Amino acid sequence: MDLELGGMRALVTGGSAGIGREVARLLIGEGATVAIASREPDAAAAELGAQAVTADLAAADGPDEAVAGAVSALGGLDLLVNNVGTARITSFEEATDDDWMTAWESNVMSYVRCTRAALPDLRRSEHAAI
C-alpha cells in the first residue's frame, strides 16, 4: 500500500513500545523518516531505523524537548503522532489523586504541549498532519 508518505518527517510520541512502536514501523515502511520520543527510545529506534529522542513527555518541558530533538534530527516536521499514554488499572475507589494527575499529565497535557510545540514547524510543511 502506498500512503504517499515518502519523504515525510514524523515524530511518534511513546514510540518505543506498543502501538507507538508499530506506528513508527509502519511509517518507516511507507517511506517516512521517523523520530520516536520516549524516556528510553534507543533500543527501539535502533531496531526500527528511527531517530531516538529521549524525553519525559509527562513533564512540563518534555514535549518541547521531544519536538526540538525531532526537528533537529529530521530537519523539520511534517507529521505528529501523539501516542504516549499511561493507565493504572485499579478500582475507582483505590485511584489516588496522584494516579489521576499522572494520567492527566501523560494522556492529555502531553498531547496539548506536543501539539503546541510542533505547530511552528508543522505550519512550514506543505503536508502537515497531527
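Residues numbered from 1 in each chain as written. Predicted model: local features only at pLDDT ≥ 70, side-chain atom pairs only at ≥ 80, totals over all residues. Heavy atoms only, no water.

**Overview of unusual backbone geometry**
Thinking step 1. Unusually for a residue other than glycine, Glu4 sits at a positive phi of about 60 degrees.
Thinking step 2. Following the sequence through the fold, Glu4 ends up in the segment before strand E1 (9–13). (Helix = DSSP H or I, 4+ residues; strand = E, 2+ residues; numbered from the N terminus.)

**Focus on the packing of aromatic side chains**
Thinking step 1. Applying the stated criterion across every chain yields a total of one aromatic pair.
Thinking step 2. Aromatic side chains Phe92 and Trp100 sit 6.0 Å apart centroid to centroid with 65 degrees between the ring planes, which places their arrangement in the edge-to-face category.
Thinking step 3. The class for Phe92 is exposed, based on a relative accessible area of 64%. (Phe/Tyr/Trp six-rings, centres within 6.5 Å; stacked < 30°, edge-to-face > 60°. Buried < 20%, exposed > 50% of the residue type's maximum accessible area, 1.4 Å probe, protein only.)

**Structural notes on the environment of Ala58**
Thinking step 1. By secondary structure assignment, the location of Ala58 is in the loop between strand E3 (51–54) and helix H3 (62–74).
Thinking step 2. As for Ala58 and Thr102, which are separated by 44 residues in sequence, their C-alpha atoms are 7.6 Å apart.
Thinking step 3. Once residues lying within four places of it in the same chain are set aside, the contact partners of Ala58 are Glu105, Ser106 and Arg113. (Contact = heavy atoms within 4.5 Å.)

**Some thoughts on the pattern of salt bridges**
Thinking step 1. A full pass over the atoms with the stated rule returns eight salt bridges.
Thinking step 2. In this structure, Glu47 engages Arg21 in a salt bridge whose closest nitrogen and oxygen atoms are separated by 2.1 Å. Of the two residues, Glu47 sits in helix H2 (residues 42–48) while Arg21 sits in helix H1 (residues 18–29), which places them 26 residues apart along the sequence.
Thinking step 3. Given the relative accessible area of 43%, Glu47 is considered partly exposed.
Thinking step 4. For Arg21, a relative accessible area of 22% corresponds to the partly exposed category.
Thinking step 5. A salt bridge links Glu47 to Arg25; its shortest N-O distance comes to 3.0 Å. Taken as a pair, Glu47 in helix H2 and Arg25 in helix H1 lie far apart in primary sequence, 22 residues in all.
Thinking step 6. Residue Arg25 is classed as partly exposed on the basis of its relative accessible area of 34%.
Thinking step 7. Beyond isolated ion pairs, a larger network of salt bridges with shared partners links Arg21, Glu22, Arg25 and Glu47. (Salt bridge = Lys/Arg side-chain N within 4 Å of Asp/Glu carboxyl O.)

Everything listed is a geometric property; what it means functionally is a separate question.
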